[in-house]
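Coordinate analysis (summary)
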Amino acid sequence: DDYELGGHSDFMRKEMAEQAEAIARALAGRLDERFATAHLGGLGLDPMALRAIKRVKFLGCGSAYYAGQMGATLVEELARIPADAEPASEFRYRNPVVDPDTLYVAISQSGETLDTLAAVQELRRKGGRVIGAVNVVGSAIARECGSGVFLHAGPEVSVASTKALTNMTVSFAMLGLLLGRVRDLSAASGQRIVAGLRALPERVARIVAEDAEIERIAKRFADARHMFFLGRVRGWPVAREGAQKLKEISYVHAEAYQAAELKHGPLALIDAEMPSVVIVPDDELLTKNIGTIEQIRARGGPVIAVTNADLPDGLADEVIRVPRGEPELDPILLTIPLQLLAYHTAKALGRDIDKPRNLAKSVTVE
Ligand code: G6P
């Protein structure tokens, strides 16, 4: 085990550190500067077939579902095709309407999650077009789908998914780029996204390497019994994934909410004992998110802002900064510090990082 850990204290730490090289592997041979697009040969779809797709639906469980929600945002923004995500565990039970013009994407690190496999089988029975976004080659979901995009994250041991989740969102950025470039995404915009993707490994490596600040903040709030994670649009699935990570490895109760929904109920819970992690991308919703932080602090709630924007001094109690990138790719970068926040909180509380109680890496039962 010591050898496999390569000097790291646990697999989650090791796998977070491997993210830059994992992203580079996912991008290798797939980005095309000249035509400002991506090549995803494993999809088996020519430009006419790509153009015929009218909707995209992502299906997955746990973190894979949240990656799907980030994917839906990316596809809608880049390709302007309606897209959404649904927990694969719900899909087969609700007698879904399967639409022949929809591209269904089954997401799974292990490729063995029973609920996701069952969703794929239900889709195939009803004649749906389903591709896989899978890490483990030769796994049940990869075989059942027959086509798709492999994640190339390498083996992931920690129950809490880090590099596989990151490569899911990177793959969906490439899918959005490809679907966009056979539609109305301009070559200039495509080039901007290609360059943004190329810059990701270095930016992610920087966040993981410079985590002393995040460790200090995690220790400061480690005694909290509950935490909110708040975000809007691009920041909303990021908030959901951040809350999930904190829950699963630190056992601190975390709840994710759309920032604008706060005033419709949960604001009643805000007090000095309820810290909020607010995701603040440097995008057109910046002033809205600053308003959210002010509302929370006016009611005595501590705020940790996770941002790539320049926030006014003293706005939040703590600020976790990430490097600026292309706005559409913000969810990928903003997710990384939340892994570290959960990790250092769990460490401060003495939890078993790689094997949280009651959880399994791969759930192959109903
Ligand atoms: C389990 C794990 C989660 C994971 C989910 C989906 O619940 O504890 O961390 O996100 O399964 O796993 P998959 O292998 O399908 O991505």
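Note that the coordinates shown come from a computational prediction; the quantities given were computed from them, not determined experimentally.

**Examining the overall build of the protein chain**
- Within the protein chain one finds 14 helices and 12 strands.
- At 20 Å, the protein chain has a C-alpha radius of gyration in line with the 21 Å of a compact globule built from 366 residues.
- Counting only C-alpha atoms, the protein chain reaches 55 × 45 × 40 Å along its principal axes.
- With 366 residues in all, the protein chain has 52% of them scored as buried.
- Long-range contacts, defined as pairs at least 24 residues apart, comprise 75% of the intrachain contacts of the protein chain with a sequence gap of at least 6.

**A short note on the site of the ligand**
- If you check the shell around the ligand, you find 15 residues, and the closest are Gly-62, Ser-108, Gln-109, Ser-110 and Thr-113.
- Per-class residue counts for the shell around the ligand are five nonpolar, nine polar and one charged.

**Points about the pairing of strand β9 (residues 253-258)**
- For strand β8 (residues 226-231) and β9, the ladder comprises six bridges, and the chain directions are parallel. Within β9, the residue paired with Met-227 across the bridge is Ala-254.
- With respect to chirality, the unit in which β8 leads through helix α12 (residues 235-250) into the neighbouring parallel β9 is right-handed.

**Considerations on the environment of Phe-91**
- Positionally, Phe-91 belongs in helix α6 (residues 88-91).
- The spacing of Phe-91 and Arg-181 is 90 residues in sequence and 30 Å in space, taken between C-alpha atoms.
- When neighbours within four sequence positions are excluded, Phe-91 is seen to be in contact with Leu-59, Glu-86, Pro-96, Ala-119 and Glu-122.

**Quick look at helix α11 (residues 212-221)**
- Within α11, the full set of buried residues consists of Ile-214, Ile-217 and Ala-218. Each buried residue of α11 sits inside an arc of 105 degrees when the element is viewed along its axis, so together they form one side. Among the exposed residues of α11, those pointing more than 90 degrees away from its buried face are Ala-212 and Arg-216.
- Elements in contact with the buried residues of α11: β11 (303-307), β12 (318-321) and α14 (330-348).

**Here's the deal with the nonpolar core**
- With 115 residues, the main nonpolar core has Val-75, Val-105 and Ala-106 as its most contacted residues.
- Looking at which element gives the most residues to this core, the answer is helix α9 (residues 163-181), with 11 residues.
- If near-sequence neighbours (up to four positions away) are discounted, Ala-106 is found in contact with Leu-59, Ala-88, Thr-116, Ala-119, Val-120, Val-130, Gly-132, Ala-133, Ile-141 and Cys-145.

**Some thoughts on the confidence of the model for the protein chain**
- Averaged over the protein chain, the pLDDT score is 96; the fraction of residues at 70 or greater is 99%.
- Confidence estimates for the predicted assembly give a pTM of 0.96 and an ipTM of 0.93.

**Overview of the sheet that holds strand β6 (residues 129-134)**
- With parallel pairing, the five strands of this open sheet are ordered in space as β4-β3-β5-β6-β7. This sheet does not close on itself; its edge strands, each paired only once, are β4 (83-87) and β7 (148-150). Geometrically, the sheet is characterised by an average inter-axis angle of 20 degrees between neighbouring strands, direction not taken into account.
- Contacts from helix α7 (residues 114-125) reach β3 (55-60), β5 (102-108) and β6 within the one sheet, and its direction differs from that of β5 by about 160 degrees.

**Here we look at the packing of helix α3 (residues 19-27) against helix α10 (residues 187-209)**
- Two elements in contact, α3 and α10, have axes separated by 8 Å at closest approach and are oriented at 170 degrees. Taken together, the axis directions place α3 and α10 in an arrangement best described as roughly antiparallel. Of the residues in α10, those touching α3 at Gln-19, Ala-20, Ile-23, Ala-24 and Leu-27 are Leu-197, Arg-198, Leu-200, Pro-201, Glu-202, Val-204, Ala-205 and Val-208.
- Of the residues in the contact of α3 with α10, the class split is 10 nonpolar, one polar and two charged.

**Points about α14**
- End to end, α14 covers 28 Å across 19 residues, agreeing with the expected 27 Å (1.5 Å per residue, within 8%).
- For α14, the tally of buried residues reaches 18 of 19 residues, placing the bulk of the element in the interior.
- Once α14 finishes, Gly-350 follows within two positions and takes phi at roughly 70 degrees, a positive value.

**Considering the sheet that holds β12**
- The five strands are arranged β9-β8-β10-β11-β12 in an open sheet whose pairing can be described as parallel. Bordering the open sheet on either side are β9 and β12, each of which pairs with just one other strand. Across the sheet, the mean angle separating the axes of adjacent strands is 20 degrees when strand polarity is ignored.
- With four bridges connecting them, β11 and β12 associate as parallel partners. Within β12, the residue paired with Ala-305 across the bridge is Val-319.

**Some thoughts on the pairing of β8**
- By the criterion of burial, β8 is predominantly enclosed, with five of the six residues buried.
- Bridge analysis of β8 against strand β10 (residues 276-280) gives three bridges, and the strand direction is parallel. Within β10, the position partnered with Phe-228 by the bridge is Ser-276.

The rules we used
- Residues numbered from 1 in each chain as written.
- Predicted model: local features only at pLDDT ≥ 70, side-chain atom pairs only at ≥ 80, totals over all residues.
- Helix = DSSP H or I, 4+ residues; strand = E, 2+ residues; numbered from the N terminus.
- Rg over C-alpha atoms; globule rule 2.2 N^0.38 Å.
- Buried ≥ 20, exposed ≤ 12 C-beta atoms within 10 Å, placed from the backbone.
- Contact = placed C-beta atoms within 7 Å.
- Near = placed C-beta within 6 Å.
- Nonpolar A, V, L, I, M, F, W, Y, C, P; charged D, E, K, R; others polar.
- Pairing = 2+ DSSP bridges.
- Right-handed = clockwise from strand over helix to strand, strands pointing away.
- Arc of directions from axis to C-beta.
- Core = buried A, V, L, I, M, F, W, Y, C linked by C-beta atoms within 7 Å.
- pLDDT = per-residue confidence, 0-100.
- Axes fitted to C-alpha atoms, helices over the stretch in contact; angles between N-to-C directions.
- Parallel < 35°, antiparallel > 145°, perpendicular 65-115°, else oblique.
- Expected span 1.5 Å × (residues − 1).

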